[in-house]
Amino acid sequence: MNEEQRKAGTIDVLAQRDSKEEKDYSKYFNFEHVYQPPSLKDAKKRGKEAVQYNRDFQIDEKYRGMGKGRTFLIKTYGCQMNAHDTEVMAGILTALGYTPTEDVNTADVILLNTCAIRENAENKVFGEIGNLKHIKQERPDCLIGVCGCMSQEESVVNKILKSYQNVDMIFGTHNIHRLPQILEEAYLSKAMVVEVWSKEGDVIENLPKVRQGRIKAWVNIMYGCDKFCTYCIVPFTRGKERSRRPEDIIEEVRDLARQGYQEITLLGQNVNSYGKDLEDIEYGLGDLMADISKIDIPRVRFTTSHPWDFTDRMIEVIAEGGNIVPHIHLPVQSGNDQVLKIMGRKYTRENYLDLVARIKAAMPDVALTTDIIVGYPNETEEQFEETLSLYEEVGFEHAYTYLYSQRDGTPAAKMKDNVPTEVKKERLQRLNRLVGEYSSRALKAYEGETVRVLCEGASKKDDEVLAGYTEKNKLVNFRAPKSVIGKIVDVKIVEAKQYSLNGEFIGVSEPMMVTV
Ligand code: 5AD
Ligand code: SF4
C-alpha cells in the first residue's frame, strides 16, 4: 500500500471527486462516507516503484468483536485466484468473530466475489445482486458487498450506484485486507461504501485464511499481469505483476505439507513471469518449482502459463517428475498468426508448436490442455480453421473454449467487428465438437489402466461413491471405504464416460516422494 492509499482509508468525498460522473451520481450519496471509485486509466499504469512486502499485517483489536453472533456467506465467481481470495476474506471475517453459513436468508454479511472476464460472467452477478434485493428489504441490517474483479471496473460501479441500492459496500481486489475498516464504515453509514484502489498495493504476507478443504490448497506465487493481451480485462482488475518472495512461498508450502495437504496449485495470472520483478535475485518459476519439488507434498500443479515465457528450465524441472504433475495448461487462444498478433499474444503458431514439441520431447506422456477464444473481431473462416487444425496437431486432452466477449477499456473493444454472432456461435459449436472428441479419446485410453487418484470425498451424484482426480486432472469415480478420503489411491479404470472415468479401487498407493 502506498502512503496516498493508506491515507485514503476514509476520505472526504467532496474534496476528492471532481469528475462529471460525480454530479450524475451525487444524488445517491451521503458524501460523508467512503467513496473511492476505480479508474481504468489509472489501472493501466505500470509504475516503476519497487513492491513493498508487508509481513506485519494485523487486524486491529478494536475490530475483533465485530462479527460476534453474526454470520457470513461468500459467493465466489470465476477463477482460482478468486477462490483463494475468498479464503482470505473468510479468514479475515473469522478473525473478526463471524461464523460461516450456507443460508443466504439468514447471513448477516453476504459478499459476491465477482469475475469480470466475460460479459456473461458479469450478467450472472447482476442477476444475483437483483435476487438479493428482497433480502435487503426483509432484513435491512444484512450487509451486502460486491468485491472481486467487477468492482475494479468503473462501468460496474456506476451501474451498481445507479440501479442496485441494495448493495452496501463495493471494494476492490487490492482492498481485501481493509475488509474490517470497510465493514465498520458500512455499519456506521447509510450510504454505499465504495473503496476501490486502481493502483495495486503491497504484497501482504500474513493475511489470515480459512481454506476450503484440508486436501488441496491454493498458493499464490504472484499477483497481477503485465501482458495486456488486447481482449483481456485482467491487467486492469489485478494490477501489475508482483511476485511473492520465494522464502515466503516455500514456507507456506512447507506449512501445508506439515498440515497433511496432498496437493497444492501454484497460482498466478501468468505464473511463467514469476520472479521477473525480483530485482535482487535471479530466480524464476523453474527454480521455484525445483525448490518446491523437494518438499514432501505429493502433488504440485501450477496455473496459468503463458506460452511466451515458458522456459526450458521449467520443462526440465517438470520432466524430472517427482511431485510436479505432468499436466500443463497452456492457453493458445488461436491457431492463426494474424489473430494471435492482434490479440497481442507475442507468439506465432510456429512458436507455439515448437514449444509443444520441446515439451513432448522431454515428456512424451504429458497431458496438454488449453484455452481458446472463438470469434475474435474480424476472424475469418480460414483463420478459425487454423485453430481447429492446431488443436488436432497438438492433440490437446481438453480445452476451455469461449466466445470472444468485448470488455470495456481493452484495446479490442475499439475494434470494428464484421463477424455476425450466429457465425461465431456456429464456430464455437464446431470447436466444441472437436474438443469433445479429443476429450473422449483421452478418457477412453485409460480403460484397463491403473491410475493414482487423490480421493477428495463423495461423488457429486452418489454419496456411496467416492471421487477424485488423477495427476492429469481426470475425474475418477469408484467405490471404496470412506477412510481413503484425503489419500492417494490406485484405481483400475473399467469404463470411460463422457467427462469422467469409472474404476475399481485397488488400494492406497505407495508414496512416490523422496524428501530431500
Ligand atoms: N472474451 C472471451 N474470453 C476471454 N478470456 C479472457 N478474456 C476474454 C474475453 N474478453 C479467456 C481466455 C483466457 C481465459 C481465462 O479466459 O481464453 O485464457
Ligand atoms: Fe489476460 Fe493475457 Fe494476462 Fe492471461 S496473460 S491474464 S489472457 S492479459
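- Labelled according to an unreviewed UniProt entry, the protein chain appears under the name tRNA-2-methylthio-N(6)-dimethylallyladenosine synthase, originating from Staphylococcus intermedius NCTC 11048.
- Comment text from UniProt for the protein chain, heading Sequence similarities (unreviewed entry), reads "Belongs to the methylthiotransferase family. MiaB subfamily."

**Points about the UniProt feature "domain: TRAM" (unreviewed entry) in the protein chain**
Phase 1 of the analysis: Annotation from UniProt places "domain: TRAM" (unreviewed entry) at residues 444-507.
Phase 2 of the analysis: Segment residues 444-507 splits into 2% helix and 55% strand. End C-alpha atoms: 22 Å apart.

**Thoughts on the UniProt feature "domain: MTTase N-terminal" (unreviewed entry) in the protein chain**
Phase 1 of the analysis: Under the present numbering, the feature "domain: MTTase N-terminal" (unreviewed entry) in UniProt falls on residues 70-188.
Phase 2 of the analysis: Across residues 70-188, the secondary structure splits into 46% helix and 19% strand, with the terminal C-alpha atoms separated by 16 Å.

**Re the nonpolar core**
Generally speaking, nonpolar side chains in soluble globular proteins are found buried as a group.
Phase 1 of the analysis: Core analysis: the largest hydrophobic core is formed by 58 residues, its most contacted members being Ile264, Phe310, Ile328 and Ile359.
Phase 2 of the analysis: With near-sequence residues (within four places) excluded, Ile264 lies in contact with Ala217, Val219, Val253, Leu256, Ile292, Ile297, Arg299, Val300 and Arg301.
Phase 3 of the analysis: With 33 residues, the next largest nonpolar core counts Ala107, Ala121, Phe126 and Ile144 among its residues.

**Section: the site of ligand 1**
Phase 1 of the analysis: Taken together, Ile117, Arg118, Tyr231, Gln333, Asp371, Ile373, Tyr402, Leu403, Tyr404, Ser405 and Arg407 make up the full set of residues near ligand 1.
Phase 2 of the analysis: Tyr231 places a polar main-chain atom, nitrogen or oxygen, 3.1 Å from a nitrogen atom of ligand 1.
Phase 3 of the analysis: Gln333 has a polar side-chain atom sitting 2.6 Å from an oxygen atom of ligand 1.
Phase 4 of the analysis: Burial of ligand 1 by the surrounding chains reaches 87%, relative to a free accessible area of 400 Å².
Phase 5 of the analysis: If you list the elements that add at least two residues to the shell around ligand 1, you get strand S16 (367-374) and strand S17 (398-403).
Phase 6 of the analysis: Residue classes in the shell around ligand 1 are distributed as six nonpolar, two polar and three charged.

**Some points on the packing of helix H13 (residues 312-319) against helix H15 (residues 349-362)**
Phase 1 of the analysis: Between H13 and H15, whose axes approach to 9 Å, the crossing angle comes to 30 degrees. Relative to H15, the element H13 lies roughly parallel. Between H13 and H15 lies a crossing of right-handed hand. Where H13 approaches H15, its residues Asp312, Ile315 and Ala319 are matched on the opposing element by Leu355, Arg358, Ile359 and Ala362.
Phase 2 of the analysis: Partitioning the contact of H13 with H15 into residue classes produces five nonpolar, no polar and two charged.

**Side note on the packing of helix H6 (residues 119-131) against helix H8 (residues 154-163)**
Phase 1 of the analysis: The contact between H6 and H8 brings their axes to 12 Å, and the two run at 20 degrees. In this view, H6 runs roughly parallel relative to H8, as classed from their interaxial angle. Note on packing geometry: the crossing formed by H6 with H8 is right-handed. In contact with Glu122, Phe126 and Ile129 of H6, H8 contributes Val156, Lys159 and Ile160.
Phase 2 of the analysis: Across the contact of H6 with H8, the residue classes tally to four nonpolar, no polar and two charged.

Analysis parameters
- Residues numbered from 1 in each chain as written.
- Chains lettered and ligands numbered in written order.
- Predicted model: local features only at pLDDT ≥ 70, side-chain atom pairs only at ≥ 80, totals over all residues.
- Heavy atoms only, no water.
- UniProt positions renumbered as here; feature names shortened; annotations may be inferred.
- Helix = DSSP H or I, 4+ residues; strand = E, 2+ residues; numbered from the N terminus.
- Core = buried A, V, L, I, M, F, W, Y, C linked by side-chain atoms within 4.5 Å.
- Buried < 20%, exposed > 50% of the residue type's maximum accessible area, 1.4 Å probe, protein only.
- Contact = heavy atoms within 4.5 Å.
- Near = heavy atom within 4 Å.
- Polar contact = N/O pair within 3.5 Å; in protein donor to acceptor, adjacent residues only side chain to side chain.
- Areas by Shrake-Rupley, 256 points an atom, 1.4 Å probe, with all protein chains shown as cover.
- Nonpolar A, V, L, I, M, F, W, Y, C, P; charged D, E, K, R; others polar.
- Axes fitted to C-alpha atoms, helices over the stretch in contact; angles between N-to-C directions.
- Parallel < 35°, antiparallel > 145°, perpendicular 65-115°, else oblique.
- Left-handed = near helix turned anticlockwise from the far one by under 90°.

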